[in-house]
Amino acid sequence: MPVDANLMAILSAGTGGAANILARKFSGFASANGLLIVNFALMTLLLLPAAPFFFKFEFTQQAIVIFLFAAMMDAAANLAYFKAFEKLPAVIASLILAVSPVVTLVFQPVLSPGTKIDGLMIFGIFLASGGLMLLARSRNGNGSAGTYKRQHLIWPALAAGLFGLNIYPIRYLLQEDITNPYTYYLLRAPV
């Protein structure tokens, strides 16, 4: 039975929001590096049993280089993601992370010049990112989102930028049928 893309998007957004809240809670008793290692080790263990059924990767030199580039960029983005929740209130970190789709859109003419994008798609990206930013702006009773140092804003900005840019190498791997999403995540986790 095929899965509806809209349902997947809603589930992804919901679990992403829960992940943001949990990341902030866990960062209170573990470092960002520790959380990153545990997160990806668990992901590898959970995905590994299905490998005989879903594994697909064309081991060419170009595919390996692009995969390693995407995996390292993803690792750096996730490290910045966990650092963001270690250093900042979840509201502030989530607010900045919401611009990731805008980063993808801004670099689209350079990194994917043949892709057609229309005004409705641009409107949707800004509407979704803007909506997430508005939702994240909720403040506590005294009008502040907690205390933090401004230089710590670099972590969610770096994560948003890297996540937004990483779409391009991952999309190449998937569109060229070099790998599938399952295999990408299985191989990426230990990297």
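One structure accompanies this document, and this report is about it. Model, not experiment: these values are computed from the prediction.

## A word on the environment of Lys56
With respect to the helices, strands and loops of the structure, Lys56 is situated in the loop between α3 (51-54) and α4 (61-87). Taking the C-alpha atoms as reference points, Lys56 and Tyr182, separated by 126 residues in sequence, lie 8.4 Å from one another. The residues contacting Lys56, other than those within four sequence positions of it, are Asp177, Ile178, Thr179, Asn180 and Thr183. Side-chain polar atoms of Lys56 contact the side chain of Asp177, separated by 2.6 Å.

## Concerning the nonpolar core
Within soluble globular proteins, side chains that are nonpolar tend to cluster in buried spots. In this structure, Tyr81, Phe82, Phe85, Ala93, Leu97 and Ala159 are the most contacted members of the largest nonpolar core, which totals 16 residues. Every element with two or more residues in this core is listed here: α2 (32-47), α4 and α5 (90-97). Among the elements that make up this core, the one with the highest residue count is α4 (five residues). Setting aside chain neighbours within four positions, we find Ala93 in contact with Ala84, Phe85, Leu88 and Pro156.

## Notes on the packing of aromatic side chains
Enumeration over the complete set of coordinates arrives at nine aromatic pairs. Ring centres of Phe55 and Phe59 lie 6.4 Å apart, and the angle between their planes is 20°; on these two criteria the pair is classed as stacked. Residue Phe55 is classed as partly exposed on the basis of its relative accessible area, which comes to 37%. Judged by its relative accessible area of 56%, Phe59 falls in the exposed class.

Rules of the game
- Residues numbered from 1 in each chain as written.
- Predicted model: local features only at pLDDT ≥ 70, side-chain atom pairs only at ≥ 80, totals over all residues.
- Heavy atoms only, no water.
- Helix = DSSP H or I, 4+ residues; strand = E, 2+ residues; numbered from the N terminus.
- Contact = heavy atoms within 4.5 Å.
- Polar contact = N/O pair within 3.5 Å; in protein donor to acceptor, adjacent residues only side chain to side chain.
- Core = buried A, V, L, I, M, F, W, Y, C linked by side-chain atoms within 4.5 Å.
- Buried < 20%, exposed > 50% of the residue type's maximum accessible area, 1.4 Å probe, protein only.
- Phe/Tyr/Trp six-rings, centres within 6.5 Å; stacked < 30°, edge-to-face > 60°.

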